[in-house]
Amino acid sequence: MGRDPRTGEKVHVPEKRVLYFRPGTELRERVNVEHVEQRDRIEEIAYIFFALIVLRWRRSLCSRLGVDKDITKMNKLLKQLLLVCVCLFALSGQATADSLPDAERAYNAKDYAKAAKLFRPLAEQGNAKAQFNLGLMYGNGQGVPQDYKETVKWYRLAAEQGDASAQYNLGLMYRIGQGVPQDYKEAVKWYRLAAEQGDADAQEKLGIMYEFGKGVPQDYVLAYMWYNIPAANTTDSENKKLLTEFRDSIAKHMTAKQIAEAQELAIKCTANKFKGC
């Protein structure tokens, strides 16, 4: 990583972001059955609920007509159908849980076409991790044609669900104008949301935005604060060194009082878990 000689910004492209896999967790073994796609299960459940409505209507009609002999049988049938619904919901959730590790394994094996195929239905069902990963694959042209508008689409869906990595990458797309018109204010908005969740990259990017006055008024105190927070918390020695250099470079333009203020703000921001900084 380094500075762009034209803008002074730290160079960081979205392709360098890794897939959203949880570190330290093992993927479950693949279940050797063919999963029915989630939307098919939803259709099945919809049909069952429709049948339940019809049966309830019939029961109400029979009661009004004084026909009681079939009520007990219908009650048993209703209970059985409800049990089937519960089972289908459980199987549907299991299919989603099993498919995500399968998609991750396919990606790690560089079978990008298969990974994209597996991520897509999960993303369409609203799985934020799958949405982020599919967006990343569109950005890199892995298993799908490179399409930055699709990248932004999937990042946004995941970001709106609170996924910090998606928020960071969406902010980056707005900052560099890739897949969307360049908009520094939107970039700051998404960086801030990710930074509030403790995303160190987003915190650093907020430092850059405040240092150069992009999307926000130029403010060395806040820039220093946002550089100082990840510098103090990172365990990566190289990144710590780089962030410290960024922080110290703007300290040359600040008074001792401003530096003390920035350091105090960084302590308060960290104590408040990065909220309201």
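For the structure itself, consult the block above.
Procedures and definitions
- Residues numbered from 1 in each chain as written.
- Predicted model: local features only at pLDDT ≥ 70, side-chain atom pairs only at ≥ 80, totals over all residues.
- Heavy atoms only, no water.
- Helix = DSSP H or I, 4+ residues; strand = E, 2+ residues; numbered from the N terminus.
- Buried < 20%, exposed > 50% of the residue type's maximum accessible area, 1.4 Å probe, protein only.
- Contact = heavy atoms within 4.5 Å.
- Areas by Shrake-Rupley, 256 points an atom, 1.4 Å probe, with all protein chains shown as cover.
- Axes fitted to C-alpha atoms, helices over the stretch in contact; angles between N-to-C directions.
- Left-handed = near helix turned anticlockwise from the far one by under 90°.
- Nonpolar A, V, L, I, M, F, W, Y, C, P; charged D, E, K, R; others polar.
- Core = buried A, V, L, I, M, F, W, Y, C linked by side-chain atoms within 4.5 Å.
- Salt bridge = Lys/Arg side-chain N within 4 Å of Asp/Glu carboxyl O.
- Expected span 1.5 Å × (residues − 1).
- Polar contact = N/O pair within 3.5 Å; in protein donor to acceptor, adjacent residues only side chain to side chain.

A.B. asks: How would you summarise the overall build of the protein chain if you had to cite specific residues and measurements?
C.D. replies: Helix and strand counts for the protein chain come out as eleven helices and zero strands. Along the protein chain, helices and strands appear, N-terminal first, in the series α-α-α-α-α-α-α-α-α-α-α. Split into buried and exposed, the 277 residues of the protein chain put 43% on the buried side. Nonlocal contacts in the protein chain, meaning residues at least 24 apart in sequence, comprise 59% of its contacts between residues at least 6 apart. Surface accessibility of the protein chain: about 15,400 Å² in total, with carbon and sulfur atoms responsible for 55%.

A.B. asks: Provide a residue-level description of the packing of helix α7 (residues 184–195) against helix α8 (residues 200–212), including the pertinent values.
C.D. replies: Between α7 and α8, whose axes approach to 8 Å, the crossing angle comes to 145 degrees. Here α7 and α8 pass one another in a crossing that is left-handed. In this structure, α7 uses Y184, A187, V188, Y191, R192, A194 and A195 to contact α8, whose residues at the interface are A202, Q203, K205, L206, M209 and Y210. By residue class, the composition of the contact of α7 with α8 is ten nonpolar, one polar and two charged.

A.B. asks: I'd like a description of the nonpolar core, backed by residues and values.
C.D. replies: Core analysis: the biggest nonpolar cluster contains 46 residues, and L170, Y191, Y224, M225, W226, I229 and M254 have the highest contact counts within it. Secondary-structure elements contributing two or more residues to this core are α4 (128–140), α5 (148–159), α6 (164–176), α7, α8, α9 (220–233), α10 (237–251) and α11 (256–271). Broken down by element, the residue count for this core peaks at nine residues, all from α9. Apart from the residues within four sequence positions on either side, M225 is in contact with A262, L265, A266, C269 and C277. Counting 15 residues, the second-largest nonpolar core is a separate cluster that includes A103, Y107, M137 and V144.

A.B. asks: Could you give an account of the pattern of salt bridges, with specific residues and numbers?
C.D. replies: The final tally for this structure, using the stated rule, is three salt bridges. The salt bridge partner of R247 is D248, with a shortest N-O separation of 3.1 Å. Overall, the relative accessible area of 17% leaves R247 in the buried class.

A.B. asks: Give me α6: which residues, what numbers.
C.D. replies: Taking 1.5 Å of rise per residue, 13 residues should cover 18 Å, and α6 covers 19 Å from first to last C-alpha, within 8% of that figure. Among the residues making up α6, those that are buried are A164, S165, A166, Q167, Y168, N169, L170, G171, L172, M173, Y174 and R175. Contacts from the buried residues of α6 go to α4, α5, α7 and α8. The opening residue of α6 is D163, an N-cap whose side-chain oxygen sits 3.1 Å from the backbone nitrogen of S165. Downstream of α6 by a residue or two, G177 has a phi angle that is positive, lying close to 70 degrees.

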